[in-house]
Amino acid sequence: MSIDTITQYIGSYGYLILFICLFFGIVGIPAPEESLLFLTGILISHHQLSMGPTIVISDLGAIVGMLTAYICGKYLGIPFVSKFGKYIGLTNERWSTIENKYKKSAYKTITFGYYLPGIRQLSPYFAGVAKIPFLRFLLLSLLGSILWTVPFILAGYFTAETININPKYVPYFGVVLFVLFLIYLLIKKMVSKKK
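Computed from a predicted structure; not experimentally measured.

Draft legend 1. Quick look at the overall build of the chain. Each helix and strand in the chain was counted, giving eight helices and zero strands. Secondary structure elements in the chain, listed N-terminal to C-terminal, are α-α-α-α-α-α-α-α. With 195 residues in all, the chain has 38% of them scored as buried. For the chain, contacts bridging at least 24 residues in sequence account for 82% of all contacts bridging at least 6. As presented, the chain carries roughly 11400 Å² of accessible surface, and 69% of it is formed by carbon and sulfur atoms.

Right under this line is the structure:
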């Protein structure tokens, strides 16, 4: 999806497209999340969107996505793992190990997992399967969504205020973040091997 298409959709459908993209991105359907948030900051700077509604709708899209994935994990996760886990090598013992490891860092993962592609999508499903208390999950997800959306929107806004950015290059921002994340993982792995 090109930047012109996204901008056209935002112009035609307003904040609804922002909500849908963030919702889909969280539940695991590919969507340009970080680059979209950065773009909305740029559009706010160009007076095409308003800051308050953009932040509220972004957080709402992320939260509804998280809750949907949590509910799917809670009610469909264990039966799915029991029925199909054997086909991907996920035995009950392995699942117990994964669940115990997740529970140890669940609260951090729910809150800060938004910044890690893949973790952001899997964390709410795991939280549901691991039966993390709903209210705690909701509060941590809300905090995490604010800590995730607001900095990206503000980064787009302040960058556009400082530097003249051509919006068609914004989708590459997500690719750059992903590459930086892969470099970080590679360095971390190399350091752990040396130890």
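Here the narrative resumes, following the displayed structure.
Draft legend 2. Representation of the pattern of salt bridges in the model. One pass over the full model with this rule turns up two salt bridges. When the shortest N-O distance is used, the salt bridge between E33 and R120 registers 3.1 Å. Separated by 87 residues along the polypeptide, E33 in helix α3 (residues 33-45) and R120 in helix α6 (residues 119-129) bring together distant segments of the chain. R120 gets classed as buried once you look at its relative accessible area, which sits at 3%. The residue R120 makes a salt bridge to E34 at a minimum N-O spacing of 2.6 Å. Of the two residues, R120 sits in helix α6 while E34 sits in helix α3, which places them 86 residues apart along the sequence. By the burial criterion, R120 is buried, and E34 matches it. Within this structure, E33, E34 and R120 form a network of salt bridges that share partners.

Draft legend 3. Quick peek at the nonpolar core. Grouped together as the largest cluster of nonpolar side chains are 28 residues, with contacts concentrated most on Y102, I110, Y114, A127, I132, F137 and W148. Within the residue set of this core, elements represented by two or more residues are α2 (15-27), α3, α4 (51-84), α5 (92-112) and α7 (134-162).

Draft legend 4. Summary view of unusual backbone geometry. Of note in this structure, K131 is not a glycine but carries a positive phi near 55 degrees. Tracing the backbone shows K131 in the loop between α6 and α7.

Reading the values: rules and limits
- Numbers given to residues run from 1 along each chain, matching the order in which its sequence is written.
- Reporting in this predicted model follows two pLDDT cut-offs: at least 70 for local features of residues, and 80 or more for side-chain atom pairs to be given and counted; totals over whole chains, interfaces and linings ignore these cut-offs and use all residues.
- Side-chain measures were taken over the full set of non-hydrogen atoms in the model, leaving aside hydrogen atoms and water.
- Here a helix means four or more residues in a row that DSSP labels H or I, a strand means two or more in a row labelled E, and each is numbered from the N terminus.
- Relative accessibility thresholds used throughout: buried, under 20% of the residue-type maximum; exposed, over 50%; partly exposed, between the two (1.4 Å probe, protein chains only).
- Any two residues having at least one pair of non-hydrogen atoms within 4.5 Å are treated as being in contact.
- Only the protein chains shown count as covering a residue, and every accessible area follows the Shrake-Rupley method with a 1.4 Å probe.
- Any carboxyl oxygen of Asp or Glu within 4 Å of a side-chain nitrogen of Lys or Arg constitutes a salt bridge here.
- Take the buried residues of types Ala, Val, Leu, Ile, Met, Phe, Trp, Tyr and Cys, join any two whose side-chain atoms come within 4.5 Å, and each joined set is a nonpolar core.

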